Every structure is written in structure tokens, then in C-alpha cells.
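Read off the chains here:
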Amino acid sequence: MAAALGLFLALVAQFARIPLDCPTLFPYIIYLPFIMVSASIGGLAGGVMSTFACTLGALLVPAPPYFGGRLAAAGLVSLLVGGTVTSILFERLKRAHRQLTKLKSELSAIYENAPVHLLVVDSEFRVQKRDDLSAGFSKNFGVSTAATAPGEVLGCCGGDIRPAGMAAGLSSANCLLCRVIHDTLTKGSRHNSIEVWLPPSTKDHNQSRCFLVSCSPIPLAEPKAVVWAQDITGRKRAEERARESGMELDAALAEVEADHSLLNAVFAAQPDGIFVCSTAGKVILTNPATIAFFGFNPTGMHVSQMMEHLHICGGIEASLTLKALVGQAVVNVEQTAGDRVFETSSAPIRDRGNSIIGAVTVTRDITVHRRIEEALRSTIRRLESALAEKTVLLQEVHHRVKNNLAVVSSLLGMRIDLGEPGDVRDALEESRQRIRSIALIHDQLYGGEILDRINFAEYARQLLLEVSAVAVGNAARITIQNDLDPIELGVDRAVPCALILNELVLNALKHAFPADRHGEIRIGFRETEPGFFELSVEDDGIGCRSTPSCDGHESLGLRIVQILTKQLGGSLRQEPSNGTHLVLRFPADSSRPASSPA
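Criteria and thresholds
Residues numbered from 1 in each chain as written. Predicted model: local features only at pLDDT ≥ 70, side-chain atom pairs only at ≥ 80, totals over all residues. Heavy atoms only, no water. Helix = DSSP H or I, 4+ residues; strand = E, 2+ residues; numbered from the N terminus. Buried < 20%, exposed > 50% of the residue type's maximum accessible area, 1.4 Å probe, protein only. Contact = heavy atoms within 4.5 Å. Areas by Shrake-Rupley, 256 points an atom, 1.4 Å probe, with all protein chains shown as cover. Pairing = 2+ DSSP bridges. Axes fitted to C-alpha atoms, helices over the stretch in contact; angles between N-to-C directions. Salt bridge = Lys/Arg side-chain N within 4 Å of Asp/Glu carboxyl O. 1 Å grid on protein atoms, 1.4 Å probe; cavity = no way out; pocket = protein on both sides within 12 Å on 5 of 7 lines; lining within 4 Å. Points joined across faces, edges and corners; volume = space filled by probe spheres on them. Nonpolar A, V, L, I, M, F, W, Y, C, P; charged D, E, K, R; others polar. Phe/Tyr/Trp six-rings, centres within 6.5 Å; stacked < 30°, edge-to-face > 60°. Parallel < 35°, antiparallel > 145°, perpendicular 65-115°, else oblique. Left-handed = near helix turned anticlockwise from the far one by under 90°. Polar contact = N/O pair within 3.5 Å; in protein donor to acceptor, adjacent residues only side chain to side chain. Core = buried A, V, L, I, M, F, W, Y, C linked by side-chain atoms within 4.5 Å. Patch = residues over 30% accessible without salt bridge, like charges linked within 9 Å, V, L, I, M, F, W, Y side chains within 5 Å.

A. Examining the overall build of the protein chain more closely. A tally of regular secondary structure across the protein chain gives 15 helices and 18 strands. Considering the protein chain as a whole, with its 598 residues, one finds that 38% of them fall into the buried category. A fraction of 53% describes how many contacts in the protein chain between residues 6 or more apart in sequence connect residues 24 or more apart. If you sum the accessible surface of the protein chain, you get close to 33,600 Å²; carbon and sulfur atoms cover 59% of it.

Have a look at this one:
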């Protein structure tokens, strides 16, 4: 196509030559416009073809008298060189045009599809060009009254609300974007990746936003600047959330590390041996106590190897750790390892999905404890044997004392049977009864399981039966009533208290009801307050003219009562009554309430 066009234009040029009357190069120069048209349309190929066609036409079809001589040669050379150079220049121009068109297309594609705001601003801060994304640039940057349409002034974004926008606010210290663009326009400086935080500007943007702004000069006669602005609000807020999350994560990690340190400290300080096994049965973690108990470090060993090394009785089947690995928890199981005894507990370790991921076993060496327990049991057996021997011995002692007192009582009875005078007989009978009251205490101690104290209520009832049996003549007309609490007294308190009771009851039987008088004697024994007992003997007889405190006039029985009262650390007083009412009050000391009878 280009060659055909060159030939056609060459033919046209050939017919267009104008004959002149004087020698000139114009007939040759007339070819150049056609060669230029051919080169401009067809490029190098069209221009060269047209040049050679025109040169050939000038040679073959000369126009006399102008062809010939030096002038013709110069014309042909000029035509050939001029056409060739023109063709080359036009070819380069077409290539430059194609490259420029390509670059323009690429730049347009980038300009139209770039995810940033792109603005070209002149020295008066007027928008010369913008991309589609920058249509709402003024709403994001600055006041809503300043638009960003081509030819309009860019709005100020620093809070200086002026109708003229940036053009009126070059001295504003609040508008960072204004300062950046002004510096680029006046000094040609480049500014890259400057963060600009903007306050809310319109009802559509009621939150602060952050833009990443870059500004570069455009090297033209009139200073211009291209502004790139990318909205990075989402990224900045994501970074802020990430920082907050990072801070929370750091705090959580610090807490976890503190818990981990505490757990490690507790794990290391435990006096019991603790080791952790994997699901394969290998020991993966131990504390220092485990190594001290076992005498070796079982880490890395299989449970069966560890048990074989310790000589655990029962072998691998007795392994509590392997039972825990199949979900069976066991607690405080004793295991024998040679001459040592271990108390072992084991439990499975589960993850959040309740799957078993290992087992933890706690072992305590209780060999010393078991030896101490065995020694203690042996000591207890010896003590029980010794106690049984002492119990038998004490029972025998009480039995012998009771027998000896019975012998003395029998001797006094034999003396009474010899027919002694009345006063002597009465004295011997009173002494015999005193001995019987003491013997009765030893009889109860011998027959009971407790050898150091008696139930004084039961003793008093039996003593009153004995006293009633002695006073046979008074039994029909004198009744004895008792109100006795079941209180236990030690032997050291029971003997004096028994003798006092014996004396007071005998004294009432002998002196309270003369001349066959009928009456009643009431006996009481109770704990009046914590740690103090009272023994009372009251009758409704004729009354006692003397009191236990009368010096030099007391009977032998009352003197015995006073002595025994001091021995008990108590007091004896006479209460107002129709007859005689004597009350003995003494501290309990080692006395205690008696157990209820079965």
C-alpha cells in the first residue's frame, strides 16, 4: 500500500513539473512535497519508494533544457538525499507518535483505574485535571464549598474555612496539605507518603479520616504539581486495632508467663515426685523430687523400663500411668518397690476435645511412714498388753483390799457378838459400817471395766441398801428417798464422799427419829454448777441442836465429816429445814459425768 502510494505520488509529481525559462533546481524541488506526503502516510517504505520513483522519473523523463550538467546532477542528488532524509524523519516521527499513543493509553488506564486520588494543581491551586475517583476529593479534603472540578480551587483541609480555598490560605499553619503543595510549587520539592488526618467535614464523613499524600512537581514552564492521596483510614484503624490487640495479647502472654512461672515454681517445689508421660508411654517431664526419690532421671524412658528399673511389684500390669493413658484415674495406691513403699496417684491429661494427650503421675515415698506405723502398732500392742496386765493387777488389788476389809469387818462382827456393853457395841458397829462403805467402793471397782473411778449414784444406792439393812428396826417407820445424778468420781474423791454420806445417813437414822417416830430421809447428789458437786442429806425429824461447826461438842461421826470435808476441799453447811438439812459442796477436779447405762 505504501509503495503504491509512493509511485502514484511520484507520477503526479512528474506531471506537476513546471518548465521554466532559466536554469533552476525548482523542477527537482517540486518532487519534495509529494515525497513528504508519501512519507507521512506510508512511513519510511512509502517515502523511500516515492523518492526513488521521483529520482528515476527525473532521469528518464528530463525536462530540457534544464537537465544536464552540474545543475542536473546537483538536483538529482538533492532530490535523492532530501527524499531519503525526509522519509527517515517521518518514519521516526510516526514511531514516536505510536509510542506516545501507547504511553498515553497506558497512562490513561493507570490514571483512570488507580485506587488513589490524582490531581494536577497549578500555581493558583486550581485543579487542572483529576481522575474519576477524585470527584469527591473536596468532601474528604476540606470544606464542602470548594469543589475539585477542573478549573476550580482546591479546598483547604486544615480548618480554615474560606470560600477561596487554598489560594487564600497559603500561610495557614493548620493545613498540612496546603504547605506540602505550596512547597512543591515554589521549590520543586517532592513529598512522599505524608499522613494527613482530617477532621469530619460533611454529613457523609462524620468521622476523622487518614490519607497518605504524595506530591511531585511537573517540569513545565508554568509550575504545576501532581497530588496522590490514598485513603488509609481503614488500614490505620486496623493497625490501631492490631496494636490494641497486640497490647491485650502482650498482657495475656505476660499473665500466661506469670502463671507458667508460678506453675514451674510449684512443680519444682513439690516434695512429691511428679512426672508426665506422653500417649506413647514415655516420660517427657519430671520434677526434682522424682529424681531424688528414684535415684535416676526417668526422662525419655518408657514406663515399663522405669518400673523394671525400680523393681515395682506386679510388673507392667501394675502400672497406674498406663491405666491413666486409657482414661482410668487412680488415687493413693500403695506399690512395693523392693524394700521401699510408694503411694502413687495417676490421672489422664485431656485437651479441649476431651481426647487423652498424656498422663500425670504423683509418687510419694512412704517407706519411713510405714516403718513408723509398724513401730507404732508394735508399741501399741506392747502397751495394750501392759495395760491388760495392769488392769488385771489393779482388779486383783481391789479384790484383795475388798477381801481384807471384809476380814476386818468380820473380826469386828465377831467382837460385837461377844456381848460388849452398849456403847462399845455401837462404836464397833459404826466402825464396821465405815469399813463396809469403803469395801463397797473396791467391790465396784473390781467388778467394773474402769478401775480409777465409779458411778457414785449407783454406789450411793447400794450403800443406802446396806445402811437400811443395818437399821432393821427402823426400816418399817423410816423411808429413804434418793435423787442422784449419774456422776463418776475418782477413787480419791469417792472414798471421802462415801464416808461422809455413810456418817450423815447413820446419824439421821440414830438421832432424827426418837421414840419410834416415823419419818423420811432424802439423799441428793448433783452438779450445781460447772466443776462443783453437792451432796445433801435431809430428814424431817426432830432436828439437830448442834451444827458441824460447834467446837468440842461434835460426835465422832461429825468430826470425821469435817476432816473428810477439808480433804475434799469443800464446805459443809446446814440449811434451814423442818428437820436437819446438811449440804456438802466440793470441787469436781478429775470427776466427770457418768456414761448412760446401756
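B. Broad picture of unusual backbone geometry. Notably, serine 193 is not glycine yet its phi reads approximately 50°, a positive angle. Examined against the element boundaries, serine 193 turns out to sit in strand β3 (residues 191-198). In this structure, asparagine 354 is a non-glycine residue whose phi angle is positive, near 65°. Looking at the secondary structure, you find asparagine 354 in the loop between β9 (340-350) and β10 (356-365). Given the relative accessible area of 52%, asparagine 354 is considered exposed.

C. A look at the sheet that holds strand β17 (residues 580-587). Across the sheet, five strands lie side by side as β12-β14-β15-β17-β16; this open sheet has mixed pairing. Single-partner strands in this sheet number two, and they are β12 (478-484) and β16 (571-575). On average, adjacent strands in this sheet sit at an angle of 15° to one another, irrespective of strand direction. With eight bridges connecting them, strand β14 (residues 519-529) and strand β15 (residues 532-539) associate as antiparallel partners.

D. Representation of the pattern of salt bridges within the structure. Using the criterion set out here, one finds 22 salt bridges in the structure. Between glutamate 534 and arginine 573 there is a salt bridge whose closest N-O contact spans 3.5 Å. A residue pair is termed long-range when its members are at least 10 positions apart, and glutamate 534 in strand β15 and arginine 573 in strand β16 qualify at 39 residues. On the basis of relative accessibility, which here comes to 15%, the residue glutamate 534 falls in the buried class. Residue class for arginine 573 comes out partly exposed when judged on its relative accessible area of 33%. Residues joined by salt bridges that share partners form a network here, namely Glu529, Glu534, Arg573, Glu575 and Arg585.

E. Region of interest: empty space enclosed by the protein. Enumeration according to the criterion identifies three cavities of 30 Å³ or more in this entry. In terms of lining residues, the largest cavity is bounded by 15 residues, among which Phe275, Met306, Met307, Gln335 and Thr344 are the most central. For the lining of the largest cavity, the element with the most residues is helix α9 (residues 303-310), which contributes four residues. Partitioning the lining of the largest cavity into residue classes produces nine nonpolar, six polar and no charged.

F. Just the packing of aromatic side chains, in detail. As enumerated under the stated definition, the model contains seven aromatic pairs in all. Seen from their ring centres, phenylalanine 525 and phenylalanine 533 are 5.8 Å apart, and the 55° between their planes marks the pair as tilted. Using a relative accessible area of 0% as the deciding quantity, one classes phenylalanine 525 as buried. The exposure class of phenylalanine 533 is buried, given its relative accessible area of 2%.

G. Representation of the packing of helix α14 (residues 491-511) against helix α15 (residues 556-568) within the structure. With their axes 9 Å apart at the nearest point, α14 and α15 run at an angle of 155° to one another. The orientation of α14 relative to α15 falls into the category roughly antiparallel. At the point where α14 passes α15, the crossing takes the left-handed sense. Together, Arg493, Pro496, Cys497, Leu499, Ile500, Glu503 and Leu504 of α14 and Gly557, Ile560, Val561, Leu564, Thr565, Gln567 and Leu568 of α15 make up the contact between the two elements.

H. Broad picture of the sheet that holds strand β7 (residues 283-286). Ordered by their spatial adjacency, five strands build an open sheet running β7-β6-β10-β9-β8, and the pairing between neighbours is antiparallel. Of all the strands in the sheet, just β7 and β8 (330-337) have a single pairing partner and so form its edges. The sheet shows a mean angle of 25° between the axes of neighbouring strands, direction not considered. Pairing of strand β6 (residues 273-277) with β10 involves five bridges; the strand directions are antiparallel. Across the sheet, the residue bridging to glycine 273 is threonine 363, located in β10.

I. Inspection of the environment of leucine 506 at higher detail. Within the element layout of this structure, leucine 506 appears in helix α14. Once the C-alpha coordinates of leucine 506 and serine 468 are considered, the two residues, 38 residues apart in sequence, prove to be 9.3 Å apart. Non-local contacts of leucine 506, meaning those with residues more than four positions away in its chain, are made with Gln433 and Val467.

J. Looking closely at the pairing of β14. With seven bridges connecting them, β12 and β14 associate as parallel partners. The residue bridging threonine 479 from the neighbouring strand is glutamate 520, located in β14.

K. Structural context of the side chain of threonine 233. Within the fold, threonine 233 resides in helix α7 (residues 233-269). Within the local environment of threonine 233, its side chain forms a polar contact with the side chain of aspartate 231, the two groups lying 2.7 Å apart. In this structure threonine 233 touches Ser208, Arg209 and Cys210, once residues within four positions along its chain are discounted.

L. Region of interest: the nonpolar core. Residues Phe456, Leu489, Leu501, Ile523 and Phe525 are the most contacted members of the largest nonpolar core, which totals 42 residues. The leading source of residues in this core is α14, at twelve residues. With residues up to four places along the chain from it excluded, the contact list for phenylalanine 456 reads Ile487, Leu489, Ala494, Cys497, Ala498, Leu501 and Phe525.

M. Examining the pairing of β15 more closely. In terms of burial, β15 is largely enclosed, as six of its eight residues are buried. As consecutive antiparallel partners, β14 and β15 are separated by two residues, and within that stretch glycine 531 has a phi angle of approximately 90°, a positive value. Sheet topology places β15 next to β17; eight bridges connect them, and they run antiparallel. Across the sheet, the residue bridging to serine 536 is valine 583, located in β17.

N. The arrangement of a nonpolar patch on the surface in detail. Taken together, the side chains of Val77, Val81, Val85 and Leu89 present a nonpolar region at the surface, about 340 Å² in accessible area. With respect to the secondary-structure elements, leucine 89 resides in helix α4 (residues 69-113).

O. How the structure looks around the side chain of threonine 344. Looking at the element boundaries, threonine 344 is found in strand β9. Judged by relative accessible area, threonine 344 falls into the buried class, the value being 4%. With near-sequence residues (within four places) excluded, threonine 344 lies in contact with Leu320, Val331, Asn332, Val333, Gln335, Thr361, Val362 and Thr363.

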